[in-house]
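# Fold and contact review
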Amino acid sequence: MDIAALDRAIADQAAGVLLRYFSAIGTVMLDRPLIEIERDRELLRLHWSLSKPVADLVSYAIEHRHEIASALQSSLRHEDGIVRGRLDAVRTLRRRLASGMATAIVSHEPLRSYESGPNQVLGWVLMQAWSLAMRFATITLDSPGYAAAIDRALQRLDQARRVQAIAQFGGLSILNRRPTAGAVLEAGRSRRAIYRKATAAYKALLAVEAGDPAIITAMLRQTLLAPLEPWRRFELAVALAAAEDLSRIEGDKLRLNLLVGDVRRPLAQAGRLALFWQWRTDYYSPPEPEPSEKRAQAIFDAYALSVASDRPDIVIVDRAAGKVLAIVEVKYLTGEDASDRIRSAVQQLVRYARGYGNEAAIGPLLGR
């Protein structure tokens, strides 16, 4: 199997777990999503801001800004001796009688406005995606690829917001509420592609919020899995598979954390068991350094270097008992010698185990 096929298989494995997870939530829905979707909804909305429908809309809006259409509307004007647009004779007469001003004029002035249904959909989607991406960017992400994907999306959204026509949406009160059903219908039937893309992005958000497993999995495949480096994606796939097995063993529902950069929260929980990814957890205590480690530390101090923070790839914790049940080291091989990587993994596991208990507990922990 070549590397590209291996990466696809890894992504398929992780996506399969996600699909089963959200399908399990959706199978017993009656008239509204279950509490799991209520809990996950905000996290899924953050991922929606990076999704393909939103990215397609943003790129199209930047490159085809001329498609944003204004509507011709009339504004009622009260002037003194000036006619702007079409004279309203009845209102003018009433105005003069009421005010006593013989030169009072009431007219209907034609003005271009962006207050239309399609523009409401377009403006709301772009502003909502930008706001969610801004919140996503505040999360500390250990993966450079993941952080870069969010930064790129945020830059493109900000660029779209600065388009002159779209910038005028920012002051419209219609963006304070979701688009109406009539506005969505009008935008979806528009001959202009920019409004149809805005409608597609909006409907994708509705599907995500409703807990559609196929839509959510397709979105997470792009926003959760694709930005990760191949080796980190492999770690996540292993962690998700382990979490699914733990859920079966416990006979309890699996709960996932979709903010993979928030390492202090468990990546997955099932009953009393919690699985952490790329974090030592609070159960770790730095062991007494060995003689070789003391010498290495002295050399680091001489060169004013800090020691790299080692951490297990996966830690499985029994929260009820307050102890670590297992530690996992994941190795992603491309062209290296597997035996060397296995030796490295063994040394790492032994070093990690020393931080999770006394000498008597190390043997059983390494056995798991």
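Keep in mind that this is a model prediction, so the values were computed, not measured.

Read from one edge of the open sheet, 5 strands run 4-5-6-7-8, paired in antiparallel fashion. Looking at the sheet topology across the chains shown, the edges are occupied by strand 4 (254-256) and strand 8 (323-328). Each strand axis lies, on average, 20 degrees off the axis of its neighbour in the sheet, ignoring direction. Looking at chain direction, strand 4 and strand 5 (residues 268-270) are connected through 3 bridges and run antiparallel. If you follow Arg 255 over to strand 5, its bridge partner there is Gln 269.

To continue, consider the side chain of Arg 354. Summarising the element assignment, Arg 354 is placed in the loop between helix 13 (338-353) and helix 14 (359-367). Residue class for Arg 354 comes out buried when judged on its relative accessible area of 17%.

This paragraph deals with the pattern of salt bridges. This model, assessed by the stated rule, comprises 17 salt bridges. As a salt-bridge pair, Glu 209 and Arg 45 come within 3.0 Å of each other at their nearest N and O atoms. Placement of Glu 209 in helix 9 (residues 193-210) and of Arg 45 in helix 2 (residues 35-48) is noted, with a sequence separation of 164 residues between them. Residue classification places Glu 209 among the buried positions, given a relative accessible area of 11%. Residue Arg 45 is classed as buried on the basis of its relative accessible area, which comes to 8%. Residue Asp 158 pairs with Arg 162 through a salt bridge whose shortest N-O separation is 3.1 Å.

A word on the pairing of strand 7 (residues 314-318). Extensive coverage of strand 7 is indicated by the burial of 5 of its 5 residues. The two faces of strand 7 match: Ile 314, Ile 316 and Asp 318 on one face and Val 315 and Val 317 on the other face are all buried. Direction of pairing for strand 6 (residues 273-277) relative to strand 7: antiparallel, over a ladder of 5 bridges. Among the inter-strand pairings, Ala 274 is bridged to a residue of strand 7, identified as Val 317.

Summarising the element assignment, Trp 124 is placed in helix 5 (residues 117-137). Overall, the relative accessible area of 6% leaves Trp 124 in the buried class. Between the alpha carbons of Trp 124 and Pro 179 there is a distance of 7.2 Å; along the sequence they are 55 residues apart.

The next subject is the packing of helix 5 against helix 8 (residues 181-188). As a packed pair, helix 5 and helix 8 sit with axes 7 Å apart at the nearest point and diverge in direction by 95 degrees. Taken together, helix 5 and helix 8 sit at an angle that is classed as roughly perpendicular. Counted together, Gly 117, Pro 118, Gln 120 and Val 121 of helix 5 and Ala 183, Val 184, Glu 186 and Ala 187 of helix 8 form the full contact between these two elements.

Here Arg 94 lies in helix 4 (residues 89-99). For Arg 94, a relative accessible area of 59% translates into the label exposed. With 11 residues separating them in the primary sequence, Arg 94 and Ile 105 have C-alpha atoms 10.0 Å apart.

Attention now moves to the packing of aromatic side chains. If you walk through the whole model with that rule in mind, you get 5 aromatic pairs. Residues Trp 124 and Tyr 202 carry aromatic rings whose centres are separated by 5.5 Å and whose planes lie at 90 degrees to one another, so their mutual orientation is edge-to-face. Of the two residues, Trp 124 is situated in helix 5 and Tyr 202 in helix 9; the sequence distance between them amounts to 78 residues. Each member of the pair, Trp 124 as well as Tyr 202, is classed as buried. Here Tyr 284 and Tyr 356 contribute two aromatic rings whose centre-to-centre distance is 5.3 Å and whose plane-to-plane angle is 70 degrees, an arrangement assigned as edge-to-face.

Now for a nonpolar patch on the surface. Taken together, Ile 299, Phe 300, Tyr 303 and Leu 305 make up a surface patch of nonpolar side chains, about 440 Å² in accessible area. Position of Leu 305 among the secondary structure elements: in the loop between helix 12 (291-302) and strand 7.

Reading the values: the criteria
- Residues numbered from 1 in each chain as written.
- Predicted model: local features only at pLDDT ≥ 70, side-chain atom pairs only at ≥ 80, totals over all residues.
- Heavy atoms only, no water.
- Pairing = 2+ DSSP bridges.
- Helix = DSSP H or I, 4+ residues; strand = E, 2+ residues; numbered from the N terminus.
- Axes fitted to C-alpha atoms, helices over the stretch in contact; angles between N-to-C directions.
- Buried < 20%, exposed > 50% of the residue type's maximum accessible area, 1.4 Å probe, protein only.
- Salt bridge = Lys/Arg side-chain N within 4 Å of Asp/Glu carboxyl O.
- Parallel < 35°, antiparallel > 145°, perpendicular 65-115°, else oblique.
- Contact = heavy atoms within 4.5 Å.
- Phe/Tyr/Trp six-rings, centres within 6.5 Å; stacked < 30°, edge-to-face > 60°.
- Patch = residues over 30% accessible without salt bridge, like charges linked within 9 Å, V, L, I, M, F, W, Y side chains within 5 Å.
- Areas by Shrake-Rupley, 256 points an atom, 1.4 Å probe, with all protein chains shown as cover.

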